[in-house]
Amino acid sequence: MSYPVSSASSSSSAEVDLRSDTVTRPSPAMLAAMTAAPVGDDVWGDDPTVNRLQAVTAERAGKDAGLFFPSGTQSNLAALMSHCGRGDEVILGQRAHTYRYEAGGAAVLGSIQPQPIENEPDGAIALDKIAAEIKADDAHFARTRLLALENTIGGKVLPRAYVAQAAALARARGLSLHLDGARAWNAAVADGVAVADVCAPFDTVSLCFSKGLGAPVGSVLVGPIDLIERAKRARKMLGGGMRQAGVLAAACLYALDHHVQALAEDHANAARLAAGLSQIPEVTLDSVATNMVFARVPEADCAPLQAALAEAGVLAAIAPVSRFVLHRDVSAAGVDRALGVIRSYFAR
Ligand SMILES: Cc1ncc(COP(=O)(O)O)c(C=O)c1O
């Protein structure tokens, strides 16, 4: 897959931005909720809006406690540092954000050894491969402590039966479980279940508000009280203790109240984009799931197609395998506009 590590251009004047669901802008109503939020010093535990967000998110996720973070990266890292000590090991997917796209933080800052395993096409990590990588208690080896999964992964919802089996394997072998649930809301909406069902097999889950839910900032790590207490120390160490963070937490609360069910529209728009792309002979559709579409275009067309799209106010990171991400700031009309540009480009 391609990951939009470099932006196609400034997004400020773009009308249709398909690079990521992290590009959404706060709506006037969300901004109003932010400015109206009662605040306090959250490092002292004094911010009522942060406290409410943590409690509400933990309750929705079916966990005992929550902790507000400025980013999903920091939330995942603090979670890993809460489960694992120096010289411990986490098993995770080769394509997992936590392994590939978080600057190696677990190893660099947590002294945790990552044991990556190739993801299957559906995003799962094969159970026999997990079992084979759990190290024996032997002085040669790092101590395998944790299995970390991601849901959704590449937009795909992990099959619930698979997650249950992976969790049973991890438990039987004495491992804890963490979920990078940056898009667990998408998984829940796609499966028609509560987010608590998606979170249930895991000890800790990192839930993001700055992806499809449309908040400008914020993730909440949920889990048992003892692990959340440890994560709080890690968060402070990592520089994530924020002061009057209620202005940010208010955006997340607003998103929880108003934006969760609307994720279904993003999923419908992804299906619309995929259907349109599949009609263009030069484009090969790889996958469509929840709010993400992966498609291939000939390598020689990548740069000129990206430029043609940008010219028409459509931002997309076009690579041999391109990822298109739908979100609340892209309408069905925006999808049609992007499709129109791609059609005309190949018809030229
Ligand atoms: C699956 C996944 N996990 C974690 C993150 C990290 O979130 P953040 O950008 O808030 O650090 C991202 C970011 O896009 C992500 O896609």
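A separate point is the site of the ligand. As a matter of local geometry, the ligand sits amid 12 residues, with Gly72, Thr73, Asp180, Arg183 and Lys211 nearest to it. Within the side chain of Asp180, an N or O atom sits 2.6 Å from a nitrogen atom of the ligand. Side-chain polar atom of Arg183 to an oxygen atom of the ligand: 2.8 Å apart, as the coordinates give it. Take the shell around the ligand: its biggest share by element is three residues, from helix α3 (residues 72-83). Partitioning the shell around the ligand into residue classes produces two nonpolar, five polar and five charged.

What follows covers the sheet that holds strand β2 (residues 65-69). Here we have seven strands laid out as an open sheet, ordered β2-β8-β7-β6-β5-β3-β4, and mixed in their pairing. Because the sheet does not close on itself, it has two edges, and the strands there are β2 and β4 (113-117). Within the sheet, the average angular offset between the axes of one strand and its neighbour, ignoring direction, is 20 degrees.

Take the environment of Leu146 next. Residue position: Leu146 is located in strand β5 (residues 143-150). Judged by its relative accessible area of 0%, Leu146 is buried. Leu146 sits 58 residues away from Asp88 along the chain, and the two C-alpha atoms are 8.5 Å apart. Not counting residues within four places of it along the chain, the set of residues in contact with Leu146 comprises Leu80, His83, Cys84, Glu89, Val90, Ile91, Leu175, Ser176, Leu177 and His178.

A separate point is the pattern of salt bridges. Oppositely charged side chains may form a pair once their charged atoms are brought near each other. Throughout the structure, instances matching the rule amount to 15 salt bridges. Across the pair Arg337 and Glu15 runs a salt bridge whose closest N-O atoms are separated by 3.4 Å. Pair noted here: Arg337 is in helix α14 (residues 332-347) and Glu15 is in the segment before β1 (16-17), with a separation of 322 residues, a long-range link. Its relative accessible area of 58% is what places Glu15 among the exposed residues. One network of salt bridges, with partners in common, ties together Asp88, Arg143 and Arg145.

The residue Thr24 is located in the loop between β1 and α1 (28-35) in this model. Taking the relative accessible area as the measure of exposure, Thr24 reaches 7% and is therefore buried. Along the primary structure Thr24 and Lys211 are separated by 187 residues, whereas in three dimensions their C-alpha atoms are 7.8 Å apart. Once residues within four sequence positions are removed from consideration, Thr24 is found in contact with Lys211, Gly214, His327, Arg328 and Asp329.

Take the sheet that holds strand β12 (residues 321-325) next. Taken in spatial order, the three strands line up as β9-β10-β12 in an open sheet, and their pairing is antiparallel. One side of each edge strand has no neighbouring strand; the edge strands of this open sheet are β9 (284-289) and β12. Mean inter-strand twist for the sheet, computed between neighbouring axes without regard to direction, equals 20 degrees. Pairing of strand β10 (residues 292-296) with β12, which is carried by five bridges, proceeds in the antiparallel orientation. Of the residues in β12, the one forming a bridge with Arg296 is Val321. Its contacts with the sheet place helix α12 (residues 263-277) against β9, β10 and β12, and it is angled at close to 15 degrees to β10.

What follows is about the packing of α12 against α14. Where α12 contacts α14, the two axes come as close as 10 Å, and the packing angle between them is 20 degrees. If you check the angle between α12 and α14, you find them roughly parallel. In terms of crossing hand, the pair formed by α12 and α14 is right-handed. Only Ala332, Val335, Asp336, Leu339 and Ile342 of α14 make contact with α12, whose side of the interface consists of Asn269, Arg272, Leu273, Gly276 and Leu277. Its residues assigned to classes, the contact of α12 with α14 comprises six nonpolar, two polar and two charged.

Within the fold, Leu339 resides in helix α14. Taking relative accessible area as the criterion, Leu339 reaches 3% and is therefore assigned buried. Remark: the alpha-carbon pair of Leu339 and Phe294, spanning 45 residues in sequence, is separated by 14 Å. Those residues in contact with Leu339, other than ones at most four positions away along the chain, are Arg272, Leu273, Gly276 and Leu277.

Calculation rules
Residues numbered from 1 in each chain as written. Predicted model: local features only at pLDDT ≥ 70, side-chain atom pairs only at ≥ 80, totals over all residues. Heavy atoms only, no water. Near = heavy atom within 4 Å. Polar contact = N/O pair within 3.5 Å; in protein donor to acceptor, adjacent residues only side chain to side chain. Helix = DSSP H or I, 4+ residues; strand = E, 2+ residues; numbered from the N terminus. Nonpolar A, V, L, I, M, F, W, Y, C, P; charged D, E, K, R; others polar. Pairing = 2+ DSSP bridges. Axes fitted to C-alpha atoms, helices over the stretch in contact; angles between N-to-C directions. Buried < 20%, exposed > 50% of the residue type's maximum accessible area, 1.4 Å probe, protein only. Contact = heavy atoms within 4.5 Å. Salt bridge = Lys/Arg side-chain N within 4 Å of Asp/Glu carboxyl O. Parallel < 35°, antiparallel > 145°, perpendicular 65-115°, else oblique. Left-handed = near helix turned anticlockwise from the far one by under 90°.

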